[in-house]
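Single-letter residue listing:
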Amino acid sequence: MKRRDFITTSTALAAGGLLSACNDNNRRAIDYSKIQEKKEKKLASIHVNYNKKVTLKLATSWPAHFPIMGTGVENFVQRVNTASGGSLEIKLYPKNTLIPALAVFDACSSGEIDIFHSGPYYWKGKNSAFSLFSGMPFGMTSEEINAWMHFGGGYELWRELYAKYNLYPMLGGNTNIQMGGWFRKEIKELNDLNGLKMRVPGLGGEVFAKLGVNPILLPAGEIYTALERGVIDATEWVGPYLDMKMGFYKVAPYYYSGWHEPGSILELSFNKERFSKLSIEHRAILEMASEEMNAKMTYEFQAKNSLALSELKGKGVILKSFPSDVISAAKKGLIDVVKYESAKNSDFKEVYKSASSFLNASKSYSDVSLKKYLTLR
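Before going into details, it helps to say that this report is about the structure given with it. Not measured: the values here are computed from a predicted model.

## Things to note about the packing of aromatic side chains
Taken as a whole, this structure holds 26 aromatic pairs when the rule is applied. Seen from their ring centres, Phe105 and Phe130 are 6.1 Å apart, and the 40° between their planes marks the pair as tilted. Note that Phe105 is positioned in helix 3 (residues 104-110) and Phe130 in helix 4 (residues 130-133), a separation of 25 residues in sequence. Among the residues examined, Phe105 registers a relative accessible area of 0% and is labelled buried. By relative accessible area, which is 0% here, Phe130 ends up buried. Both rings, one in Phe133 and one in Trp148, keep their centres 5.9 Å apart while their planes meet at 15°; by these two values the pair is stacked. With Phe133 in helix 4 and Trp148 in helix 5 (residues 142-151), the pair connects residues that are 15 residues apart, well separated along the chain.

## Notes on the environment of Leu312
Relative to the assigned elements, Leu312 resides in helix 11 (residues 280-314). Counting along the chain gives 63 residues from Leu312 to Tyr249, while the straight-line C-alpha distance between them is 7.8 Å. Every residue in contact with Leu312, bar those within four places of it in the chain, is listed here: Trp182, Pro240, Met244, Tyr249, Tyr255 and Val317.

## A look at helix 5
Those residues of helix 5 not exposed but buried are Ser142, Glu144, Ile145, Asn146, Trp148 and Met149. Buried-residue contacts for helix 5 involve helix 4, helix 6 (154-163), strand 4 (167-174), strand 10 (265-271), helix 11 and helix 13 (346-366). Where helix 5 terminates, the next one or two residues include Gly153, which has phi positive at roughly 95°.

The rules behind the values
- Each chain carries its own residue numbering, running from 1 in the written order of its sequence.
- Local features in this predicted model are restricted to residues of pLDDT 70 or higher, and side-chain atom pairs are both shown and tallied only at a pLDDT of 80 or more, whereas totals for entire chains, interfaces and linings draw on every residue.
- For the side-chain quantities, the full set of heavy atoms in the structure was used; hydrogens and water were omitted.
- Here a pair means two rings of Phe, Tyr or Trp (six-membered ring of Trp) with centres within 6.5 Å. Their orientation is stacked below 30 degrees between planes, edge-to-face above 60, and tilted elsewhere.
- Working definition: helices are DSSP H or I runs of at least four residues, strands are E runs of at least two. Numbering for both runs from the N terminus.
- A 1.4 Å probe rolled over the protein chains alone gives each residue an accessible area, and that area as a share of the maximum for its type sets the label: buried under 20%, exposed over 50%, partly exposed in between.
- The contact criterion used throughout is that any non-hydrogen atoms of two residues lie within 4.5 Å.

In C-alpha cells form, the structure reads like this:
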C-alpha cells in the first residue's frame, strides 16, 4: 500500500511538473509572439515611412544646365529619384530662380529650402574657418581633401561648425587644381601685381591682397564684361574647360598656372533639422548619391580640362607660370593671413591645425610617390 501511495504521489507530482512546464512554455510562446508582433509593426511603420513620398527643395549658386557643376547637381537629383524608387523627390531651383545665388546658405539655415549646392568659401564672412574647407593656397589636392574629410577629422569639424547654423554639409564635388587666372598684361615680376584689380575669392584673394592686388568678388555673369571693359585687370575662375566657355581668352591672353586653389570643394548642405527627420533609407540614399557626385564631378573636370587646354592653345592663349618672386611672396603672405585669422578666430585656428597637420603627413608620402612618378613620366 505504501509503495502504491508513493508511486501515485510521484506520478501526480511529475504530471503537475509537466503541466507547469507546458504552461511556462505557452507563456513564453505568447510573450514571444507579442514581441514578434511589435517588431513586425515597427518594420511595417518604417516601410510605410520609406514609401511615403517626400519632397525636398534644392537651390544652387549656378545657372540652369551650367557645365559640370550645374549638370552634376541635375544628375544627383535623378540618381536620388531612381535609387529611392520615386519615394524621394528633389525639386531643383538653379541660381536666382527661387533664391539669389549667394543667399542659399541663409535660406537653407532658416528652412526656406532643404538643400543647397555652392562653395564654402562664399560664407567666410560668417566664419573665416569656412574658407579652409574649400581648400587653401599651396594646400591639399582633391584626393588629399577627400582623405582629410573622411579619415582625418575634416568632416567632424565641418559639421560641428555648420551645426551652429542648423546645417549638415556633405561633399558635393571638387574642381581639383585650379588655374591661376587670366591677365590682360603679362606678369614679369612681383611689382606688376601692385594695384591690379582681380576677381578672386576666398583665402586666395586674401593672399593676393598681400601681393598688392585689389581682390574683387563678382558673380559669374558679370566677370567677362568687367574684364572686357577694363573694370578688372584679371580674373581667376576654375580651369580650361569652364574658362574657355566663359570666353576669357578673347580679352585676356595670358593664362597662368595656379597655386591659390589646389583642391576646391563644392558642398551639398542640408537643413540639419529637416535631414534628421528623414527615414534611415532616405538619408543613406542622399549620402551615397552625394559621394557619387563628389567623385564624378572631380573626374569630369580632369577629363574635360585636358581636352580644353589643347583647344585653348590653338586659340593663341599664352600659358605662363608666375615668377619666382611672386611665389615666394605668396607663401609668405599665406603665413601672415593664417596668423592673423588664427589670432582673431579660434575656429579658424582649430581647422587650420587639423588641415595643415594632415597635409604635412600626406606630403611626406606624396613626395616619394606621386611627385617622383610625375617627374619620371
